[in-house]
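# Structural overview for review
The chain contents come next:
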Amino acid sequence: MIQHPAVIALTASSVAVSLMLLYAGWYGMKILRDWEPGSGSERQLWLERRTYLVSTLVGYALVFQILSLLLYIYTADELHSLFTGAMCAAGTLNADGYGYPTLALKVAGCILAGVWLVINHADTRGYDYPLIKVKYALLALLAPVVVVEAYLQFKFFSGLKGDLITSCCGSLFSSDRPGIAGDIAGLPPGAMLYAFYAVAAMTFIAGLVFYMEGRGGYLFSLLSAILFLAGAAALISSFCLYFYELPTHHCPFCILQREYGYAGYALYAALLGGVVAGTGAGALMPSRKKGSLLKAVPALQRRLAGAALLCYLVFTLIVTYRMLSTPFTAGV
Amino acid sequence: MNAPVNRHRNILDFALSSLIRRKAKNLSLLFVYTLIVFVIASLIFFVHALKREAALLLEGAPGIVVQKMMAGRHDLIPVEYAREVEKMRGVRKVTPRYWGYYYDRAFGANYTLMVPEAGRPRPGSVFIGSGVAENQRVKAGDFITFGAHDGLPLLLTVERIFPAESELVAADLVLMDMPDFQSMFGMPEGRATDLAVTVANPRELATVARKVAGRFPDSRPIMKSEILRTYDAIFDWRGGMMVVVLGVALISFIIFAWDKATGLSADERREIGILKSVGWETSDVLLLKFWEGAVISMTAFLAGVLLAYGHVFFFSAALFAHALKGWSVLYPEFRLVPAADGYQLSVLFFLSVLPYTVATIVPAWLAATVDPDAAMRS
Amino acid sequence: MIELTDVTKTFNAGLESRFTAVDGVSLAIEPGKVTVLKGPSGSGKTTLLSLIGCMSRPTSGRITLRGMRTGFLPDGDPPAGFDISSLPERFLTEIRRTGFGFIFQQFGLVKGITALENVMLPAYPAGEDMSGIRNRAIGLMGLFDLNRHADAKVDWLSGGELQRVAIARALINDPSTIIADEPTAHLDSKLSREFMEVAGRLNQDGKTVIIASHDPIVFDSPLVDTVVEMRDGRVTATEKRA
């Protein structure tokens, strides 16, 4: 076990977040069991007070989860010198089989928590707690994701042994290596670009329609989820080539470093923001017609759609600008 | 969209006035909090700075050091290996190195004796590190005696003492000329301690190392990266050990913070009851509690970090010296180069602010759910 | 218009110490009028006030509001009014903050801060700019001749001054209804009469005033439009004056 202070910090954070969400989830179940919305009894009041605790816990959990995602990647980057052949975070994460799954679950946790907070916000706008069942059902899904992720992260760090020779992004992300990372990089850069721009265009159009006329919410939400995946895949297989100006460097983590102007942070933040806002708007679609939310939800969805479009726009602009402004061409 | 910002500003204003009104309780909390941050930050800065120093020092180290093994132990290496290694592709230069350890029984210290490649002292003279000088209480011009391998004393003149700034590398170093070295150790002809190999392309290190090991099965090529890695691991272990000990302190802090937060005095309860009765809802009071906690956290964090910075970089971590010294008698006095980056601060944040925040979530919520009509009955 | 239909409030339900403060009360508070709840202590006046003023929810029965605007209600009042009996605390608080101004028996001011800050407090969470709130507060304090005490900590003010600060605070959000619980309990006759004058002025400005009191200066005042007598949590008599 590498007793690096950062590893201790990450483990502590994961444990804290898991405990908070387990507690919140358990409370959610208790609340649902005794919930009587119309009653003025003291028990009901007590339960309503408890809902504040749940949403506070999830709010903090989200913040810590996002921070720990950043710290995780950064730590993986810092630790790369301990592994022969690792040039950046990608090498560290590949040192044992738990590295990438942990990352994936961390991201999933962030997205789920973000969507939960969107639903919670909508729920508070309605005077009869219309979405409470949906909320706590989602929480029952979120809590295990975070717990499993904490476990995987623990297994990852405890299995790390400094001497392992691990493949760095050069061979990890080169096309001839099997496994997801290799597959993504193996996607032909030209085709991926076209695919990305196509999906982006469709998302923008659907988003504008939804923003202005309120129609096609489900479609927009689905497209924004697809755009998240397409954006990430395009980033790894094509756009990052323009950042690194190398035809074979497909590492998704190096763009977080100073020499690329920390562009990675903006890009990943934009993608995450876009997918949370977009899927959040979609998650609210079924509640559009509910009595107490008639006024609040459509307005909220509009703001979310606007935020999602803005985020994806920022992403598209940055990558396109980079692609057009460097003399490097990926043979597209 | 100004309303949310104003809401935060107004509530923050009241949070500040609230904190000032309860000076005793908040000052004691602030003190303990700052202390915790100070200790953890000092540790993190210290270990990080040491690692950086080590890395910087090793920049100048040869890419590969080739040693000969005999029965699993380090043996002297034949110098003709050097010529063969030099011919290998990718190798730029191979230099035989002559160095060894000397245990001075009289002063109970280990010195490293070495013949430098360039800038050798004259025969009969030595350059010594400031640690050696202090240990033996000698200055330039004095004599220094070593016990040679054949039992006879070797008398040498101290020509130069390395400046204090070089202590980290040279505290225990003694540089001498080849004849004196041979008198000391009696190394057989054609043998050296090890070979320093410079490789043209750093990426080829592993390949060259493999070739050397293949050609000379009784040799052990050690790559610079492996040395660096081992250094890092040592610091991590030592650092980790202390962090585990600090864990106990941290848990006490958490309990303390929890206790302070749950201990709502009657006055505080009344105040929150009043706030709720005049129109503050639970989420407003939660925000109030959040800002109170944030102000305390930020103040403690800033103060703790600044104090730790001063402690480590201006006082050389005086408080930790004992714990991290190990067995070395010649512990160098040195000033570390200040180095603190965002990453260290984030780790620090996770180890201090996060536990505090988690400990105060439930107490803050308990405070926020005070009944509004308690104020009517007070 | 606030209408209570068969409202009951029980504390500690299901326990030995179970206690019914308000029992099956049906009442209608007319807008723009001065209503007094009259009765001995323990008759449930305070609890009834907190129910009317959206500070607590009834254990059973219905409370309906008519003609009060809030941000979350659908536009246009349904004919039967809006039932607030089971509203979550968050919304109840919003109605209370914008629609009701409370004057408590013990004044309920925060010690250790200035009179001005006390007056400004209820407006903090609404998201208004601090200077706007301050100006309004200073204006209100001027109305009650309190400006020279604006920066004094409330710990140093006299009973009458505290009373007026409490009134000023109740008015900071420009509510349509003023609720006062035994306002004259700690005041001498002169100050009590002054209070009634203030209440009268507020009523003339179009505000609904509801006072709970067993002080004759209050319930015998010519300004009062309706007197509701209570005993043991029940309404025993309702008297409408001209």
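Just so you know, the residues in each chain are numbered from 1, in the order the chain's sequence is written. All chains are assigned letters beginning at A, and all ligands numbers beginning at 1, according to the order in which they are written. Totals for whole chains, interfaces and linings use all residues, but because this is a predicted model, local features are given only for residues with pLDDT of at least 70 and pairs of side-chain atoms are given and counted only at 80 or more.

## A look at the overall build of chain B
A run of H or I in DSSP becomes a helix once it reaches four residues, and a run of E becomes a strand once it reaches two; helices and strands are each numbered from the N terminus. When helices and strands are counted, chain B shows 13 helices and 12 strands. Whether a residue is buried, exposed or partly exposed follows from its count of other C-beta atoms within 10 Å of its own C-beta, namely 20 or more, 12 or fewer, or something in between, respectively; the C-beta atoms are built from the backbone. Looking at chain B residue by residue over its 378 residues, the buried ones come to 37%. For chain B, the share of sequence-separated contacts (at least 6 apart) that also reach a separation of at least 24 residues comes to 81%. For every residue pair, C-beta atoms are placed from the backbone, and the pair is scored as a contact if these atoms sit within 7 Å.

## Examining the pairing of strand S7 (residues 143-147) of chain B
All names here are of chain B. For two strands to be treated as a pair, DSSP must find at least two bridges joining them. Alignment of S7 against strand S8 (residues 153-161), held across 5 bridges, turns out to be antiparallel. Within S8, the residue paired with phenylalanine 143 across the bridge is threonine 157. If you look at the hairpin formed by S7 and S8, you'll find 5 residues sitting between the two strands, and glycine 151 has a positive phi there, around 95°.

## Side note on the confidence of the model for chain B
Here chain B shows a mean pLDDT of 83. Residues at 70 or above account for 88%. The predictor reports its confidence for every residue as pLDDT, a score running from 0 up to 100. Across chain B, element-level confidence peaks in helix H10 (residues 282-314) of chain B with a mean pLDDT of 91 and bottoms out in helix H13 (residues 374-377) of chain B with 57.

## Quick word on the sheet that holds strand S9 (residues 226-231) of chain C
Residues and elements named next belong to chain C. The sheet built from 6 strands is open, its strands ordered S6-S7-S8-S3-S9-S10 with mixed pairing. Unpaired on one side and paired on the other, strand S6 (100-103) and strand S10 (234-240) mark the two borders of the sheet. Taken over all neighbouring pairs, the strand axes of this sheet differ in orientation by 15° on average, direction set aside. Alignment of S6 against strand S7 (residues 177-181), held across 4 bridges, turns out to be parallel. Looking at S7, one finds that isoleucine 103 is bridged to alanine 180. Interaxial angles span 0 to 180 degrees and are taken between N-to-C directions of axes, which are lines fitted to C-alpha atoms, for helices over the stretch in contact. The strands touched by helix H5 (residues 159-171) within the sheet are S6 and S7, with S6 carrying the most contacts at an inclination of about 165°.

## Some words on helix H12 (residues 342-368) of chain B
Between the first and last C-alpha of H12(B) there are merely 34 Å, a value that for 27 residues lags more than 12% behind the 39 Å anticipated at 1.5 Å per step. The reported bend at a residue is simply the angle between two axes, fitted to the 7 residues ending at it and to the 7 residues beginning with it. Its maximal kink placed at Ile361(B), H12(B) deviates by approximately 35°, while the proline Pro363(B) follows within four residues. One fewer than the residue count of a helix, multiplied by 1.5 Å, yields its expected span.

## A few points about unusual backbone geometry
Residue and element names in this part refer to chain C. Look at phenylalanine 107: it is not a glycine, yet its phi comes out positive at around 70°. Tracing the backbone through its elements, the reader meets phenylalanine 107 in the loop between S6 and helix H3 (115-120). Phi is positive for aspartate 232, which is not a glycine, with a value near 50°. In this fold, aspartate 232 is placed in the loop between S9 and S10.

## Notes on the interface of chain C and chain B
The interface is formed by 27 residues belonging to chain C together with 26 residues belonging to chain B. Taken together, the elements giving at least two residues each to the side of chain C that touches chain B come down to helix H1 (45-52) and helix H2 (89-99) of chain C. Broken down by element, the residue count for the side of chain C that touches chain B peaks at 5 residues, all from H2(C). Of the residues that constitute the side of chain C that touches chain B, the class distribution is 10 nonpolar, 9 polar and 8 charged. Here the nonpolar group is Ala, Val, Leu, Ile, Met, Phe, Trp, Tyr, Cys and Pro; Asp, Glu, Lys and Arg are the charged ones; every other residue, Gly included, is treated as polar.

## A look at helix H11 (residues 296-325) of chain A
Residue and element names in this part refer to chain A. Its 30 residues place the ends of H11 43 Å apart at the C-alpha level, agreeing with the 44 Å of an ideal helix rising 1.5 Å per residue. For H11, every residue scored as buried is listed here: Ala296, Val297, Leu300, Gln301, Leu304, Ala305, Ala308, Leu309, Cys311, Tyr312, Phe315 and Val319. Taken together, the buried residues of H11 touch helix H4 (99-125), helix H8 (189-213), helix H9 (217-244) and helix H10 (263-283).

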